[in-house]
Structure formats: C-alpha cells, structure tokens
Amino acid sequence: MTRPATLLLIILALVRPVAAHELRPAYLELSEGTPGQFSVLWKVPAAGDRRLGLYLRMPDTCRNITAPVGVIENVSYFERWKVSCDGGLKGQTITIDGLRSTLTDVLARISWADGSVQVDRLTPEQPSLMLKGAQTVLEVARTYFMLGVEHILGGIDHLLFVLALMLLIRDPWMLVKTITAFTLAHSITLTGAALGYLSLPQAPVEAVIALSIAFVARELLLMKPGERRLSEAYPWAVAFSFGLLHGFGFAGALKEIGLPQGDVPLALFTFNLGVEAGQLVFVAAIVVLYRAALAMTRLPLLPLRTAMAYSIGAAAIFWLLTRLGAFIV
C-alpha cells in the first residue's frame, strides 16, 4: 500500500474511535466562600436538549442552601447551586453517579477558603474522589501531566494539523525538525498565556487554528512531482508560525482548569510535558500503523493523498465556519 492509502486507513482507525468516545469531559468546580459553604458549578456534555446522565453526589453532611439552576448552552449542560457542609469537605468523599457506564472523565477543581486547591480526575474506573485539601508535589505533577496527555489526544484539530505535516514531509530528519519547531512554538505561547504575559481572545484563536489546518491541506493538494513549494522546503517555519497559535488553544484549556497557587511552575511544566508526550504517542502510532499497513497491500499514490487532503481540508473548513459563527453571534 502506498503512503496515502496507508495513512487513510490510519485516519479511519484513529478518528473513528475518537469520534465514538465522549471526548468532552465533565467539569466540577467547588469553591468555598465562607468555611463550610461552597458554590457548585457542574458542567456536563450535552447534545441538543439532552445531557449526559452524570450526577454529583455530595457527602451526607452537605445540604443545599440554594436550588440547582440548570441551563444548556452550546454543547454543555451547566448547573449552579450552593451547599453547606457541616465540618467542611476536607476528608470527605464525592461521587459521580452514572460515570461507570460512560467513556468520559470528570475534571474536578476544589478551592478552599484558605487558598489551597485540589485538581483531580474522576474516571469510570474510579468515580469517587477523596477531598484532601492541598496536594503533594507528586500528585500535582501526575494530575497535570495526564491532563496534558488527554487534552492533546482529545484535540482532533491539533492532531490533524500534525498529520497533515507528516503527509507533507518526506524526509524523516525534516519531520523531526518540523515537529520540534511546532513543539517549541506552542510551548512558548502556552507558557506565556498561562502565566498571564500573553493574551488573545480564545474564539478567534480557535478559528485560526482551523485555518492553519486548511492551509496545510491546501499545500498538500498543490504538491507536484519535481517541484518544491515553500511549505515543502521549510515546513518547520510553517509549523513554528502556526504552533504559536496552537499554544494559545492549549492555554485556553489550562486556564479553565486553573493552576494550583503553590505549584504553578510544576503544574505548567508537567501539563506541557503531557501535551508533548501525547503528541509523540500520536506520531509514533501513525508511523507504526503506516509500516504495518505498508506490508499488507498497495494502492495508487496520488488519488489517495488527494482524498486525504480534501478530507482534512473539509474538516478544517467546517471547524472554521462553526467557530467563526460562534464568536460572530
């Protein structure tokens, strides 16, 4: 099988399971205002007027002091209310009912009145969480590393950009330099934005990220034997330029999660490290699946590469129009 054919199979192998996975995690935020009283934000994936069947179960020591108010906005269900918990929540356990029967995770962020913050993940295998207060260094590093890995592997737009670059580049050494340039660029803006030194509106950034994918897909369509376009000669420059924007996209997710006040450098470093680890896992998976498929069958080169370029470009244009509409409205 030729490169485009094998890579087309790889796209189908990777994207189809991802599409079936409930990629958007639920999000729980508990913020202690006065000792023992918490504001609750509960965000669950939704489609149309239907929401995912996940429900927060607080400890028996807690009672509602305001009624939950829910609303569906875009593709999420938001619910807000306040609770009072006798003796506070440290040392108590919260549970997400219904999580065991899903494929999604829940990101939980708990902040106490004394300034301590706990950020953790609940999974179908572990739907309950002990609230400890301040986390250890190892716990912070593990949590933010896994958040980085999950964010990049769940970010189909970022992965399609990397895949398009892989299709564009034939020289393995040039591919290494290009991926390195992309990594360096989005690390710069991720760090700067997370620390508050750099800032761009998130909606336009997401639209331009979609545009960057469409650009590389267009370059794939314009490739001709015996000719080297600027993007083929210097793909690292393209990767670095657009990588700066992709970094703002990563920073948007990190800002929603928040950084623990006492371990900002560690959390930022391990989140970034997780993003890079996830990206390397994706690149390695593409290479392994490509070599495996290459040994099994052979199909024409140009038509399949063209089909993949159109598929990637069509997805990018769809995202572009959707994201433009979101912030224009």
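To keep things clear, this report deals only with the structure shown in the data block.

Here is what the cut-offs are and how they apply
- Residues numbered from 1 in each chain as written.
- Predicted model: local features only at pLDDT ≥ 70, side-chain atom pairs only at ≥ 80, totals over all residues.
- Heavy atoms only, no water.
- Helix = DSSP H or I, 4+ residues; strand = E, 2+ residues; numbered from the N terminus.
- Expected span 1.5 Å × (residues − 1).
- Buried < 20%, exposed > 50% of the residue type's maximum accessible area, 1.4 Å probe, protein only.
- Pairing = 2+ DSSP bridges.
- Lys, Arg positive; Asp, Glu negative; His and termini not counted.
- Salt bridge = Lys/Arg side-chain N within 4 Å of Asp/Glu carboxyl O.
- Polar contact = N/O pair within 3.5 Å; in protein donor to acceptor, adjacent residues only side chain to side chain.
- Axes fitted to C-alpha atoms, helices over the stretch in contact; angles between N-to-C directions.
- Patch = residues over 30% accessible without salt bridge, like charges linked within 9 Å, V, L, I, M, F, W, Y side chains within 5 Å.
- Areas by Shrake-Rupley, 256 points an atom, 1.4 Å probe, with all protein chains shown as cover.
- Parallel < 35°, antiparallel > 145°, perpendicular 65-115°, else oblique.
- Left-handed = near helix turned anticlockwise from the far one by under 90°.
- Contact = heavy atoms within 4.5 Å.
- Nonpolar A, V, L, I, M, F, W, Y, C, P; charged D, E, K, R; others polar.
- Phe/Tyr/Trp six-rings, centres within 6.5 Å; stacked < 30°, edge-to-face > 60°.
- Core = buried A, V, L, I, M, F, W, Y, C linked by side-chain atoms within 4.5 Å.

### Some thoughts on helix H2 (residues 137-154)
A turn of α-helix holds 3.6 residues, and therefore any two residues three or four places apart point the same way. Compared with the 26 Å implied by 1.5 Å per residue over 18 residues, the 26 Å span of H2 between its first and last C-alpha is a close match. Taken residue by residue, H2 has Glu-139, Val-140, Ala-141, Thr-143, Tyr-144, Leu-147, Gly-148, Val-149 and Ile-152 as its buried positions.

### So, the pairing of strand E7 (residues 76-85)
Taking burial as the measure, the 10 residues of E7 include 8 buried ones, the bulk of the element. Alignment of strand E2 (residues 37-47) against E7, held across 9 bridges, turns out to be antiparallel. Its bridge partner being in E7, Trp-42 is matched across the sheet by Glu-79. Sheet topology note: the strand E5 (residues 62-64)/E7 ladder contains 3 bridges and is antiparallel. Paired with Cys-62 across the two strands is Cys-85, which belongs to E7. The sheet contact formed by strand E6 (residues 69-73) and E7 spans 5 bridges and is antiparallel. Residue pairing for E7: Ile-72 is matched across the bridge by Tyr-77. What sits between the antiparallel neighbours E6 and E7 is a turn of 2 residues, in which Asn-74 has the positive phi angle 55°.

### Describing the side chain of Glu-32
Relative to the assigned elements, Glu-32 resides in strand E1 (residues 26-32). Despite its burial, Glu-32 pairs with no opposite charge; the closest candidate is Lys-90, at 6.3 Å N-O. A distance of 2.7 Å separates a polar side-chain atom of Glu-32 from the backbone nitrogen of Gly-36. From its side chain, Glu-32 meets the backbone nitrogen of Ala-113 in a polar contact 2.8 Å long.

### Concerning the sheet that holds strand E11 (residues 128-130)
Read across the open sheet, the 3 strands follow the order E4-E8-E11; overall the sheet is antiparallel. Looking at which strands have only one partner, the edges of the open sheet turn out to be strand E4 (55-57) and E11. Between one strand axis and the next, the sheet turns through 20° on average, direction left out of account. Bridge analysis of E4 against strand E8 (residues 93-97) gives 3 bridges, and the strand direction is antiparallel. Bridge pairing in E8 places Leu-56 opposite Ile-96.

### A word on a nonpolar patch on the surface
On the surface, Leu-195, Tyr-197 and Leu-198 cluster together into a nonpolar patch covering about 330 Å² of accessible area. The residue Leu-198 is located in the loop between helix H4 (172-194) and helix H5 (202-221) in this model.

### Points about the packing of helix H3 (residues 156-168) against H4
Taken N-terminus to C-terminus, the directions of H3 and H4 make an angle of 155°; their axes are 10 Å apart at the nearest point. Viewed along their axes, H3 and H4 adopt a mutual orientation that is roughly antiparallel. Here the hand of the crossing between H3 and H4 comes out right-handed. For the pair H3 and H4, the contacting residues are Phe-161, Val-162, Leu-165 and Met-166 in the first and Leu-175, Thr-178, Ile-179 and Phe-182 in the second. Residue composition of the contact of H3 with H4, grouped by class: 7 nonpolar, 1 polar and no charged.

### Looking at the packing of aromatic side chains
If you walk through the whole model with that rule in mind, you get 4 aromatic pairs. Judged by centre distance (6.1 Å) and plane angle (75°), the ring pair of Phe-161 and Phe-242 falls under edge-to-face. Residue Phe-161 is found in helix H3, and its partner Phe-242 is found in helix H7 (residues 235-257); the two are separated by 81 residues along the sequence. Each member of the pair, Phe-161 as well as Phe-242, is classed as buried. Arranged with centres 6.4 Å apart and planes meeting at 85°, the rings of Tyr-234 and Trp-236 form a pair that is edge-to-face. Ring pairs connect the aromatic residues Phe-161, Phe-182, Phe-215 and Phe-242, which therefore count as one cluster.

### Quick word on the environment of Thr-93
Its place among the elements puts Thr-93 in strand E8. For Thr-93, a relative accessible area of 35% translates into the label partly exposed. Linking Thr-93 and Lys-132, residues 39 residues apart in sequence, is a C-alpha distance of 9.2 Å. The residues touching Thr-93, leaving out its near neighbours within four places in the chain, are Pro-59, Ser-128, Leu-129 and Met-130.

### What about the nonpolar core?
In this structure, Tyr-144, Leu-254 and Ile-312 are the most contacted members of the largest nonpolar core, which totals 59 residues. Taken together, the elements giving at least two residues each to this core come down to strand E10 (117-122), H2, H3, H4, H5, H7, helix H8 (264-294) and helix H9 (301-328). The element contributing the most residues to this core is H3, with 10 residues. Excluding its chain neighbours within four sequence positions, the residues that come into contact with Leu-254 are Tyr-144, Leu-190, Ala-194, Leu-259, Leu-268 and Phe-271. Phe-38, Leu-54, Met-58 and Trp-112 belong to the second largest nonpolar core, which has 28 residues in total.

### Thoughts on the packing of H4 against H8
It is at 11 Å that the axes of H4 and H8 come closest, and there the two elements cross at 155°. Viewed along their axes, H4 and H8 adopt a mutual orientation that is roughly antiparallel. Regarding H4 and H8, the two cross each other, and that crossing is right-handed. Note on element contacts: H8 touches H4 through Leu-268, Phe-271, Asn-272, Val-275, Glu-276, Gln-279 and Val-283, opposite Ile-179, Phe-182, Thr-183, His-186, Ser-187, Leu-190, Thr-191 and Ala-194. Of the residues assigned to the contact of H4 with H8, the class counts are 8 nonpolar, 6 polar and 1 charged.

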